[in-house]
Amino acid sequence: SRLVAGEPSVPKSFAVPARHLVLACLDIASASPRRYFYETAARFAASADEKERLEYFASPEGRDDARRYGAGERRTLLEFLDDFPSVAVPLGWLLQTAPRLRPRLFSIASARAADGPETVHLTVTRAAWTTPYGRARNGLCSTALTSASPIVGARLAARVVKGAAAFPDDSQPVVAVCTGSGVAPVRAMVRQRNARFTASDAGGTTAPTLVFFGCRHASRDFLYADEWAELERRGTLRGNESSANESSELPELPDRMFVPVFSRDGNRKRYVSHAVRERSRSVWEILRRERSAIVVCGSSGAMPEDVHESLVDVCAREGGMDDAQARAFLRRMDARGGYVVEAW
């Protein structure tokens, strides 16, 4: 059903089964309880031993052990209840102290101009890992979305939220560096440019887009491989700025505008940061253009910083700058909104 603010037919209150309330509002199968939950649970523990243990977890002295038990192992609320079977927290207290079910954010991989206003594409990597004590863990939302047997016609509560930073417009030359599912926002940007590039009545300039995409294996992880090949063949990544600026002298574009990097397929690990350095001339041919921009998308680990250091090296080597000047060049891009990082 649809709830509309101020609509007379919407009831002011209505009954909800307790089970539905818990499943819809609390993260009982993914998030770990926090210190205040242990303190609350201790009040409702029938076992003296369990009560003592929980009070210890809630105390300053037991903080480290509580962290190892909960967050360190990512023990879920359901597992907690298995470990402390005498605990019976009333529903009201449970709703106040248990981990809330938080929305999972995914970058949109589609573009309105190419895919229409009613279509949204997502690029989802299934989260799976092992805890220090060998417990297998899977992401809650990503597992549901990537299930081998999804429920056809199932409905998912979702909403669109505005991104943290504005991506470059179609007329800005871009060096885009993405890894894994970080390809999603870059794909959206390029699909938007492709719609403008292929429209006969576009009447505007589509700037070149140099894309570096990194993943582990070409055979298993090369997302949208056929699309990238078609975009290169069509000329979308090269853009049409030369025809729109015939009288201007523009730097020569590189032969390849899409550079895939497979970190586990060779004899040594090779990442997108290495490829940026290896193709420094190509990168600089984009960066030296007016209103050029940089987009970096993917894991929030070492990748964004490694790519930044590679770009510093490119500016120094190809732009004739020293280290301080190269960093200042990139800072100025960032200050005008031309250095976009979307990492998680």
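These numbers were taken from a predicted model, which means no experiment stands behind them.

Colleague: Break down the pattern of salt bridges for me, citing the residues and quoting the values.
Modeller: When charged atoms on two side chains of opposite charge get close, those side chains can pair. Under the counting rule described, the total for this entry stands at 21 salt bridges. Here Arg187 and Glu227 are joined by a salt bridge, their closest N and O atoms 2.7 Å apart. Taken as a pair, Arg187 in helix H9 (residues 183–198) and Glu227 in helix H11 (residues 225–234) lie far apart in primary sequence, 40 residues in all. Judged by relative accessible area, Glu227 falls into the partly exposed class, the value being 26%. Two residues, Glu230 and Arg234, come together in a salt bridge whose shortest N-O distance is 3.1 Å. Taken as a pair, Glu230 and Arg234 lie in helix H11 at a separation of four residues, close to a single helical turn. With a relative accessible area of 36%, Arg234 lands in the partly exposed category. Linked through salt bridges whose partners overlap, the residues forming this network are Glu73, Glu79, Arg135 and Arg137.

Colleague: How would you summarise the nonpolar core if you had to cite specific residues and measurements?
Modeller: Where a protein is soluble and globular, its nonpolar side chains tend to be buried together. Of all hydrophobic cores here, the largest spans 47 residues; its most connected members are Val186, Val211, Phe212, Val283, Leu287, Leu311 and Leu330. With six residues, the single largest contributor to this core is helix H15 (residues 303–319). The contact partners of Leu311, leaving out residues within four places of it in the chain, are Val276, Val283, Leu287, Ile294, Leu330 and Tyr339. In this structure, Leu54, Phe57, Val89 and Ala98 belong to the second largest nonpolar core, which totals 20 residues.

Colleague: Please give an account of the side chain of Ser292 that cites residues and values.
Modeller: Looking at where Ser292 falls in the secondary structure, it is placed in the loop between helix H14 (280–287) and strand S6 (293–298). A polar contact of 2.8 Å, which involves the side chain of Ser292, links it to the backbone oxygen of Leu287. Ignoring anything within four residues of it in the chain, the contact list for Ser292 reads Pro173, Ile286, Leu287, Met333, Arg336 and Gly338.

Colleague: Go over the sheet that holds strand S4 (residues 209–215) with me, naming the residues and quoting the values.
Modeller: The strands making up a sheet are joined through hydrogen bonds of the backbone, oriented either antiparallel or parallel. Strand order across the open sheet formed by five strands is S5-S4-S3-S6-S7, with parallel pairing between neighbours. Either end of the sheet is taken by a strand with one partner, and the two such strands are strand S5 (258–262) and strand S7 (339–343). The average undirected angle you get between the axes of adjacent strands in this sheet is 10°. Looking at chain direction, S6 and S7 are connected through five bridges and run parallel. Within S7, the residue paired with Val296 across the bridge is Val341. Each of strand S3 (174–179), S6 and S7 is contacted by H15, which is oriented at about 155° to S6, the strand it contacts most.

Calculation criteria
- Residues numbered from 1 in each chain as written.
- Predicted model: local features only at pLDDT ≥ 70, side-chain atom pairs only at ≥ 80, totals over all residues.
- Heavy atoms only, no water.
- Salt bridge = Lys/Arg side-chain N within 4 Å of Asp/Glu carboxyl O.
- Helix = DSSP H or I, 4+ residues; strand = E, 2+ residues; numbered from the N terminus.
- Buried < 20%, exposed > 50% of the residue type's maximum accessible area, 1.4 Å probe, protein only.
- Core = buried A, V, L, I, M, F, W, Y, C linked by side-chain atoms within 4.5 Å.
- Contact = heavy atoms within 4.5 Å.
- Polar contact = N/O pair within 3.5 Å; in protein donor to acceptor, adjacent residues only side chain to side chain.
- Pairing = 2+ DSSP bridges.
- Axes fitted to C-alpha atoms, helices over the stretch in contact; angles between N-to-C directions.

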